[in-house]
Amino acid sequence: MTEDILQEILVQDSNGELFYRFVNADGKMWIMPARNLRTAMELYQPSGWKGRLLKRWFPILHRLRIVRSVVHAEGIRCRMNGELRRLLEKVLDTEDVEFSIFCGTPCVHQKTTMQISRGNKILGYCKLTENDEIAALFEKEARLLETLHEKGFHDLPKSLLLERLNDGTTLFLQSTRKTLASEVTHEWSGLHDDFLKSLGQATLQHLKFEESDYFRTLQALAENREWLPIEVDSAVLRRALEEVCHRWQGRKVAFSAYHADFTPWNMFVADGRLFVFDWEYARLTYPPMLDRYHFFTQTAIFKHHWKAEDIRQYMGSAEGRWMDAEDYKAYLVEVIARFTVREQGHAKGDMLAAMKLWSQLLSFLTPHRKQ
């Protein structure tokens, strides 16, 4: 699918601009222009130290053959498809746009993302897909962004264009406030707390638990148990589901918006404010503040390389006092349910490893019942 998209949006041209293509150990691929490479590399959001070194030094040293060899950067010459370029330049009201490409995380919902820029200025981000299911996610995200802006919540992108091209590719163009001075932080701060509290206040709804998006996510798992990976302890998950549902069953709840992928690589700090993007999996009626547990857990896995026991020890430490066991259980049940349904029994690689760890954490929080 990735190669199909690249063939549609890129034209191989011996007289085209020089780009570098490189792939990391997880199979993720980027295509970066040699021109204004420092700006282009803002699309690259590494969590490990090797990736951060690459982002810092490759724009400076990329002309050295030995450096390109070490990072396995392949030089290619190409240009953007003319129809796509004209459309982007018209919407962004500019000429001579530049771009870099991230080909997406390998998974069922893998999509291609282009960072659109000119010189040192980042103009927006464009997601592309030929998959109708992913295109439907783009449509859902566009509607949600519009809803959040109408509610007065503005620290997130604006939808600039959602369109299907003649070749069948769907593109979704969004605005951004990102600049070269923007910072990505992997540490939780008051900015994150303030963002989620403001989001919760702006989107708070009172409704029956069974009418919430959260309940529907759990129900989707119950209806598709055959997709559950064997790495997930089904008995533990079943008990946890029962306990979580019993907590709210038949009651009226006060739920609010949930980003669903609230991680350092989907946000940045600009002008002292937190700007959050990639809302395609967001929902409007979830238990408040669950996003903090996702931020914590994904950072623990991908930045600190913690195992389940490391997270368990953290929960028992002074630093982990903010964590509520029942809220964490509610998060773990949801994230297992959502990704089980999304992957439809085809989870692999990092996703499968994460699901196994989430299951192990659930077993800590859901002890076996005495007979």
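Everything discussed here concerns the structure shown above.
Bear in mind that the values here come from a model prediction, so they are computed numbers and not experimental data.

Right, let's get into the pairing of strand S11 (residues 267–270). Covered by surrounding structure in S11 are Met 267 and Val 269 together with Phe 268 and Ala 270, the residues of both alternating faces. Between the end of S11 and the start of strand S12 (residues 273–276), which pair antiparallel, lie two residues, with Asp 271 showing a positive phi angle near 55°.

With respect to topology, three strands assemble into an open sheet ordered S9-S10-S13, the strand pairing being antiparallel. With partners counted over all chains shown, the strands left at the sheet margins are strand S9 (205–208) and strand S13 (283–286), one partner each. If you compare each strand with its neighbour and ignore which way they point, the axes differ by 45° on average. Contacting strand S10 (252–258) and S13, helix H8 (residues 213–222) runs over the sheet at an angle of about 90° to S13.

Its 13 residues give helix H10 (residues 290–302) an end-to-end C-alpha distance of 19 Å, which sits within 8% of 18 Å, the value for a rise of 1.5 Å per residue. Taken across its 13 residues, H10 has 12 buried, putting it largely inside the fold. Of the residues making up H10, those classed as buried are Leu 290, Asp 291, Arg 292, Tyr 293, His 294, Phe 295, Phe 296, Thr 297, Gln 298, Thr 299, Ala 300 and Ile 301.

A separate point is the packing of aromatic side chains. Applying the stated criterion across every chain, the model contains 36 aromatic pairs. Aromatic side chains Phe 209 and Trp 248 sit 5.8 Å apart centroid to centroid with 35° between the ring planes, which places their arrangement in the tilted category. Placement of Phe 209 in the loop between S9 and H8 and of Trp 248 in helix H9 (residues 234–248) is noted, with a sequence separation of 39 residues between them. With respect to burial, Phe 209 and Trp 248 carry one shared label: buried.

Okay, the nonpolar core next. In this structure, Tyr 214, Leu 237, Tyr 328, Tyr 331, Ile 336 and Trp 358 are the most contacted members of the largest nonpolar core, which totals 49 residues. Elements that contribute at least two residues to this core include exactly H8, H9, S10, H10, helix H11 (308–315), helix H12 (325–343) and helix H13 (349–365). No other element matches H12, which puts nine residues into this core. If we ignore the near neighbours within four places in the chain, the residues touching Ile 336 are Leu 228, Val 232, Leu 237, Met 355, Trp 358, Ser 359 and Leu 362. Listed in part, the 27 residues of the second largest apolar core include Phe 19, Ile 31, Met 114 and Leu 173.

Cut-off values and rules
- Residues numbered from 1 in each chain as written.
- Predicted model: local features only at pLDDT ≥ 70, side-chain atom pairs only at ≥ 80, totals over all residues.
- Heavy atoms only, no water.
- Buried < 20%, exposed > 50% of the residue type's maximum accessible area, 1.4 Å probe, protein only.
- Helix = DSSP H or I, 4+ residues; strand = E, 2+ residues; numbered from the N terminus.
- Pairing = 2+ DSSP bridges.
- Axes fitted to C-alpha atoms, helices over the stretch in contact; angles between N-to-C directions.
- Contact = heavy atoms within 4.5 Å.
- Expected span 1.5 Å × (residues − 1).
- Phe/Tyr/Trp six-rings, centres within 6.5 Å; stacked < 30°, edge-to-face > 60°.
- Core = buried A, V, L, I, M, F, W, Y, C linked by side-chain atoms within 4.5 Å.

So, to be careful, I would describe these as geometric facts and stop short of saying anything about function.
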